[in-house]
Amino acid sequence: MTETEGVQITGPAGDRYDEILTSEALALLATLHRELAPRRAQLLAARARRQQELMAGGTLDFLPETRRIREDRSWQVASPAPGLVDRRVEITGPTDKKMTVNALNSGAKVWLADFEDANTPLWDNMVTGQLNLKDALDRKIDFTSADGKSYQLRPDDELATIVVRPRGWHLDEKHLLVDGQRVSGSLFDFALYFAHGARRQLDRGQGPYLYLAKLESRLEARLWNDAFNLAQDRMGLPRGTIRATVLIETIPAAFEMEEILYELREHSAGLNAGRWDYLFSIIKKFRTRGRDFVLPERNAVTMTAPFMRAYTELLVKTCHGRGAHAMGGMAAFIPSRRDPEVNAKALAKVRDDKARESADGFDGSWVAHPDLVPVCQEVFDGVLGDRPNQLGKLRDDVEVSPADLLAVAKTPGGITEAGLRNNISVGLQYLASWLAGTGAVAIFNLMEDAATAEISRSQVWQWIHNDVTLDDDSTLVTRDLVERLIDEELSKIRTMSGESFDAERYGEAVALFSEVALADNFAEFLTIPAYERMP
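As a convention, each chain's residues are numbered from 1 in the sequence order in which they are written. Thresholds applied to this predicted model are a pLDDT of at least 70 for local features of residues and 80 or more for the giving and counting of side-chain atom pairs; totals over whole chains, interfaces and linings are not thresholded and use all residues. Here the side-chain values reflect all heavy atoms present in the structure, with hydrogen atoms and water set aside.

Q: For this particular structure, what's the right way to read helix H3 (residues 97–104)?
A: Since the α-helix packs 3.6 residues into each turn, any two residues three or four apart lie on the same face. Residues of H3 that are buried: Met99, Thr100, Val101, Ala103 and Leu104. Here, residues are in contact when the closest pair of their heavy atoms is within 4.5 Å. Counting from the N terminus, the helices are the DSSP runs of H or I reaching at least four residues and the strands are the DSSP runs of E reaching at least two. For H3, the secondary structure elements touched by its buried residues are strand E2 (89–94), strand E3 (110–114), helix H4 (123–137), strand E4 (142–144), strand E5 (150–152) and strand E6 (161–165). Polar contact is defined as a pair of N or O atoms within 3.5 Å, subject to the rule that within protein one atom must be able to donate a hydrogen and the other to accept it, and that residues adjacent in sequence are counted only when both atoms are side-chain atoms. Its side-chain oxygen at 3.3 Å from the backbone nitrogen of Lys98, Asp96 defines the N-terminal cap of H3. Here the term buried applies to any residue with accessible area under 20% of the maximum for its type, exposed to any over 50%, and partly exposed to those in between, with areas from a 1.4 Å probe on protein chains only.

Structure (structure tokens):
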């Protein structure tokens with residue numbers, strides 16, 4: 001049996017696809033799938049079991065069986081890798097050609113090249129995104145806009161370091177089968193990038209670096225570590241060449257931060273406070289537990305809420321105690337050239353957010369738009385000066401208990417009709433764009449991605465199923481009310497869009513939003529049923 005025997009590509013062929021779907025890359029992917037797919041399935045089943053335990057009244061705690069790891073202060077993660085020593089500003093975005101050039105040229109230290117929340121997993125997006133990364137590393141990429149403006153890469157020493165975010169463990173890639181079985185989207189994205197990017201990055205004096213999304217346990221981190229070792233051994237690269245930053249964006253992972261760093265020690269590049277998915281995870285995990293776990297409307301939940309302060313301060317303390325970077329959350333504001341007043345207010349909030357993170361000890365933070373890079377950099381420059389990071393800030397003053405992490409009920413803010421309408425409108429607009437192939441969408445001056453759409457639809461579901469009333473007039477949030485508001489918000493979108501309104505696409509968005517927000521059974525991720533609607 002040859003190494004690529006049993007590999008079947010069911011997606012259509014496209015221009016230059018053969019440069020990415022090479023025999024070497026497919027053989028690596030097949031090896032990873034055959035070795036790791038059974039464990040992936042077991043870990044996803046473990047997630048489902050834990051969900052049932054929480055819905056039955058269970059809780060989360062620091063693991064007694066790993067106390068030794070937490071209490072052993074001697075172990076450290078690997079030293080920061082070349083290109084990841086100074087990470088004061090990181091920009092995120094999908095891997096289309098325009099974003100690739102603009103993100104690399106943005107002045108940020110790092111570009112999170114996103115195959116996950118800011119991306120729609122159309123087959124063409126997944127393959128051409130890999131092509132764009134390959135072309136960028138070869139300096140063979142440029143872009144000309146519709147108005148004729150040309151974008152080309154700056155000199156290498158001015159470019160952001162590429163850090164790729166593969167899809168989470170829960171997602172499949174349906175266009176490629178190994179032995180008749182869909183492969184993991186995580187392994188697909190990782191294998192193709194590693195096969196084509198690892199040596200190219202090493203030749204540039206950097207390395208193959210990753211962001212790991214949606215992890216819920218140390219065992220899921222161990223699965224990634226084993227994937228890294230398999231890939232490095234196969235390509236003849238030293239173990240530890242790969243470096244990965246883990247997004248702590250699920251509430252179970254917040255209780256296993258030390259253990260996640262431990263599992264990835266020689267491959268670890270730190271942790272990130274993935275704030276939007278973190279909120280979604282809390283809603284999802286405790287969705288049936290009554291008002292103690294019902295959050296205010298999403299725009300009212302700030303990083304100063306007690307449970308969010310506990311989470312972020314624990315992350316900094318955990319990382320710096322182990323020599324790992326602690327990366328801050330996303331500034332999702334999209335600057336407007338039409339409304340200076342909106343800009344001034346929003347930029348003040350961004351500045352305050354980054355000032356809080358830098359004062360807490362974070363080593364850097366995320367932005368969604370190139371115009372925010374100077375704002376974030378200015379704030380972190382003011383704290384860091386000539387230092388590349390704050391690894392020496394150990395935060396020994398921080399003590400966080402399980403109760404602190406779960407103190408959702410202490411979150412200030414209300415639930416209003418405007419908040420409900422915002423969730424519905426954002427959900428519909430985002431899903432309409434997602435189904436059309438765009439995963440990062442500017443809506444109401446914010447960059448929305450799958451994480452914020454998840455918050456929107458899961459809040460609607462939770463409010464319906466937990467007898468929530470609106471603060472405005474004590475109206476009970478019901479399925480009938482939401483269905484009426486869906487019609488009204490769709491009418492507003494139709495008016496706002498004018499002739500560009502796509503009735504068929506919005507019909508699909510309404511159907512999908514209703515499925516994930518109004519059905520009796522809660523869909524674990526909206527992207528799973530959405531993906532099955534895609535070609």
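Q: Teacher, can you tell me more about the packing of aromatic side chains here?
A: Any aromatic ring pair is given by two values, namely how distant the centres are and how the planes are angled relative to each other. Here the aromatic set is Phe, Tyr and Trp, taking the six-membered ring for Trp, and pairing holds for ring centres within 6.5 Å; pairs whose planes are under 30 degrees apart are stacked, those over 60 apart are edge-to-face, and all others are tilted. Taken as a whole and assessed by the stated rule, the structure comprises 16 aromatic pairs. Ring geometry for Phe143 against Tyr151: centres 5.8 Å apart, planes inclined by 45°, an arrangement best described as tilted. Residue class for Tyr151 comes out buried when judged on its relative accessible area of 19%. Geometrically, the ring pair formed by Trp224 and Phe228 is tilted, given 5.6 Å between the ring centres and 35° between the ring planes. With Trp224 and Phe228 both in helix H6 (residues 218–235) and four residues apart, this pair spans about one turn of that helix. On the basis of relative accessible area, Trp224 is assigned to the buried category, the value being 1%. What makes Phe228 buried here is its relative accessible area of 0%. Put simply, the rings of Trp169, Phe190, Phe194, Trp224 and Phe228 touch in pairs and so form one group of aromatic residues. A ring is considered to have a charge above it if a Lys NZ or an Arg CZ atom is located within 6 Å of its centre and within 35 degrees of its normal. Its guanidinium or amino end placed over the ring of Phe525, Lys284 lies 3.6 Å from that ring's centre, counting from NZ or CZ. Arg322 extends its terminal NZ or CZ atom over the ring of Trp75, reaching a point 3.8 Å from the ring centre.

Q: Looking at this structure, how should I read unusual backbone geometry?
A: Phi is mostly negative for residues that are not glycine, and the peptide bonds are mostly trans. At Arg139, a residue that is not glycine, the phi angle is positive and equals roughly 55°. Positive phi is not limited to glycine here, since Lys214 has a value of about 65°. Along the polypeptide, Lys214 turns up in the loop between strand E9 (209–212) and H6.

Q: Would you mind showing me how to read H4 here?
A: Here the expected span of a helix is defined as 1.5 Å times the quantity of residues minus one. The end-to-end C-alpha distance of H4 is 22 Å, a good match for the 21 Å that 15 residues give at a rise of 1.5 Å each. Of all the 15 residues making up H4, 13 are buried; the element is thus mostly covered by neighbouring parts of the structure. Among the residues trailing H4, Arg139 stands out with phi positive, at a value near 55°.

Q: I keep staring at the sheet that holds strand E7 (residues 172–178) and nothing clicks. Help me out?
A: As a general point, the strands of a sheet are linked pairwise by backbone hydrogen bonds and lie either parallel or antiparallel. DSSP-based pairing: two strands are paired if at least 2 bridges between them are found. What the three strands build is an open sheet, ordered E1-E7-E8; its pairing is antiparallel. Edge positions in the sheet fall to strand E1 (7–9) and strand E8 (181–184), since each has one partner strand and no second. Averaged over neighbouring strand pairs, the angle between their axes works out to 55° when direction is ignored. Relative to E8, E7 runs antiparallel, the two sharing four bridges. Opposite Asp172, over in E8, you have Ser184 as the bridge partner. Only the stretch in contact is used when fitting a helix axis, every axis being a line fitted to C-alpha atoms; angles between N-to-C directions are given from 0 to 180 degrees. Sheet strands in contact with helix H5 (residues 185–203) are E7 and E8, and its direction is about 65° off that of E8.

Q: Explain the pairing of E7 to me, please; I cannot follow it from the model alone.
A: Side-chain positions along a regular strand alternate between the two faces of the sheet. Most of E7 is tucked away: six of the seven residues are buried. Two elements, E1 and E7, share three bridges in a ladder whose sense is antiparallel. Bridge pairing links Val7 to Val178 in E7. Once E7 ends, the chain turns through two residues before running back antiparallel as E8, passing Asp179 with a positive phi of about 55°.

Q: Can you help me understand the nonpolar core in this one?
A: Across soluble globular proteins, nonpolar side chains show a tendency to be buried alongside one another. By size, the foremost hydrophobic cluster in this structure holds 121 residues, and its most contacted members are Trp111, Phe190, Ile248 and Leu315. Among buried residues, those of type Ala, Val, Leu, Ile, Met, Phe, Trp, Tyr and Cys that are joined through side-chain atoms within 4.5 Å constitute a nonpolar core. Membership of the second largest hydrophobic core comes to 42 residues, among which are Ile424, Leu490, Ala523 and Tyr531.

Q: Would you mind showing me how to read the pairing of E3 here?
A: The element E3 is extensively covered by neighbouring structure, given that five of its five residues are classed as buried. Here E3 shows a buried face lined by Val110, Leu112 and Asp114 and a second buried face lined by Trp111 and Ala113. Pairing geometry for E2 and E3, over five bridges, is parallel. Looking at E3, one finds that Ile91 is bridged to Trp111. The path from the first strand over the helix to the second decides the hand: if it runs clockwise while the strands point away from the viewer, the crossover is right-handed. With H3 bridging E2 and its parallel neighbour E3, the resulting β-α-β unit is right-handed.

Everything listed is a geometric property; what it means functionally is a separate question.
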